[in-house]
Amino acid sequence: MLNQNLENLALSHQASRRLFLKQSTAALLAGTMAQAGVSVAAETAPVKPKAGIKKAVKYQMITEPVSVLDKFKMLKDLGFDGTEIHYRSKVDPKEVRRAIDATGVQVHGFLNSSRDELKDSIDQAKYYGGTSVLVVAGRVDDKHPYDVVYQQQQAKLRRHLPYAEQQGIKLLVENVWNNFLLSPLEMARFIDELESPAAGVYFDVGNVVRFGWPEQWIRILGPRIVKLDIKEYSRKKQVDEGLWKGFQVEITEGDCNWSEVRKALADIGYTQGWATAEVKGGDRQRLQDISERMDRALDLA
């Protein structure tokens, strides 16, 4: 029975990869057209995306007390290609659009978190010229049974996936500490059952280290992975100081085996996606350190 299940998963993986490759070109063209359609009058020519893995930070990580435009200029100076905006971020969307057009730094996605209303997030991602909405798929606890959450979260995504497809936006489920989708096999099944080219995974490397190995998740999830969150975790700090203290370690200084992560990403063909830092932010000096650490972790330098 186990062998049969693994064989079925492998077939599902191959089918998903074929679907992913088929859709990727169309999605790229749709995203480019969408960006042109939603942009305010741009004063500069569109910037052609660079090849390879692109680096970003969450917008809330930028604490330098400067204008939106200057924040985008700083990101560009420090080697970042983009950022992501959370639905709670207090920014003027038009000001962000002007900064995008002036610098070429992209807002590649919109962070919805666990809100049930996804249409607004899809619209926001499209307006900024992004390609994805990050979704946290519920939470399991004593009052929210696992099987019920599974059904409810799939139902929520199915309600919004047709609209996401129309807009050229992907709904990406992140692996988080919500007592749900606790293995890569289950996460793969959860995504495949949605049967939509707009459904995928936003894989958080550091979130797995507490109870697993990121490289194993990467190979199993395969082309379902559309984007990456980058952070670290220390099992020693977890044991010595507490569960959440494990995150208080710099990129490349925890228990993530970045060499194996890079190999796994290469194995699944992840060579041109987004990698976004999700760590403690700060001023220009702090962001420069994050940029350099991401370069070392992902061999981007």
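As a starting point, this report considers the structure included with it. (Residues numbered from 1 in each chain as written. Predicted model: local features only at pLDDT ≥ 70, side-chain atom pairs only at ≥ 80, totals over all residues. Heavy atoms only, no water.)

1. Section: the pattern of salt bridges
Next up, step 1: Taken as a whole, this structure holds 21 salt bridges when the rule is applied.
Next up, step 2: With its nearest N and O atoms 3.8 Å apart, the salt bridge here joins D120 to R115.
Next up, step 3: According to the relative accessible area criterion, R115 is partly exposed, its value standing at 24%.
Next up, step 4: In this structure, K156 and D116 form a salt bridge, with 3.9 Å as the shortest nitrogen-oxygen distance. With a gap of 40 residues between them, K156 in helix α5 (residues 146-167) and D116 in the loop between β3 (106-113) and α4 (119-128) connect regions that are remote in the sequence.
Next up, step 5: Judged by relative accessible area, K156 falls into the buried class, the value being 2%.
Next up, step 6: With a relative accessible area of 52%, D116 lands in the exposed category.
Next up, step 7: Three or more residues joined by partner-sharing salt bridges are found here, namely E250, E253, R286, D289 and R293. (Salt bridge = Lys/Arg side-chain N within 4 Å of Asp/Glu carboxyl O. Buried < 20%, exposed > 50% of the residue type's maximum accessible area, 1.4 Å probe, protein only. Helix = DSSP H or I, 4+ residues; strand = E, 2+ residues; numbered from the N terminus.)

2. Section: the sheet that holds β3
Next up, step 1: The parallel closed barrel is built from eight strands, whose spatial order is β1-β2-β3-β4-β5-β6-β7-β8. Each neighbouring strand pair of the sheet contributes to a mean axis angle of 30°, computed without reference to strand direction. (Pairing = 2+ DSSP bridges. Axes fitted to C-alpha atoms, helices over the stretch in contact; angles between N-to-C directions.)

3. Looking at the packing of aromatic side chains
Next up, step 1: Applying the stated criterion across every chain, the model contains 13 aromatic pairs.
Next up, step 2: Each ring, one from Y146 and one from F180, has its centre 5.3 Å from the other, and the planes form 55°; the classification is tilted. Of the two residues, Y146 sits in helix α5 while F180 sits in the loop between β5 (170-174) and α6 (184-192), which places them 34 residues apart along the sequence.
Next up, step 3: You can call Y146 partly exposed: its relative accessible area is 27%.
Next up, step 4: Judged by centre distance (4.9 Å) and plane angle (70°), the ring pair of Y233 and F247 falls under edge-to-face. Taken together, the residues Y233 in the loop between β7 (225-230) and α9 (235-241) and F247 in the loop between α9 and α10 (258-267) connect sequence positions 14 residues apart. (Phe/Tyr/Trp six-rings, centres within 6.5 Å; stacked < 30°, edge-to-face > 60°.)

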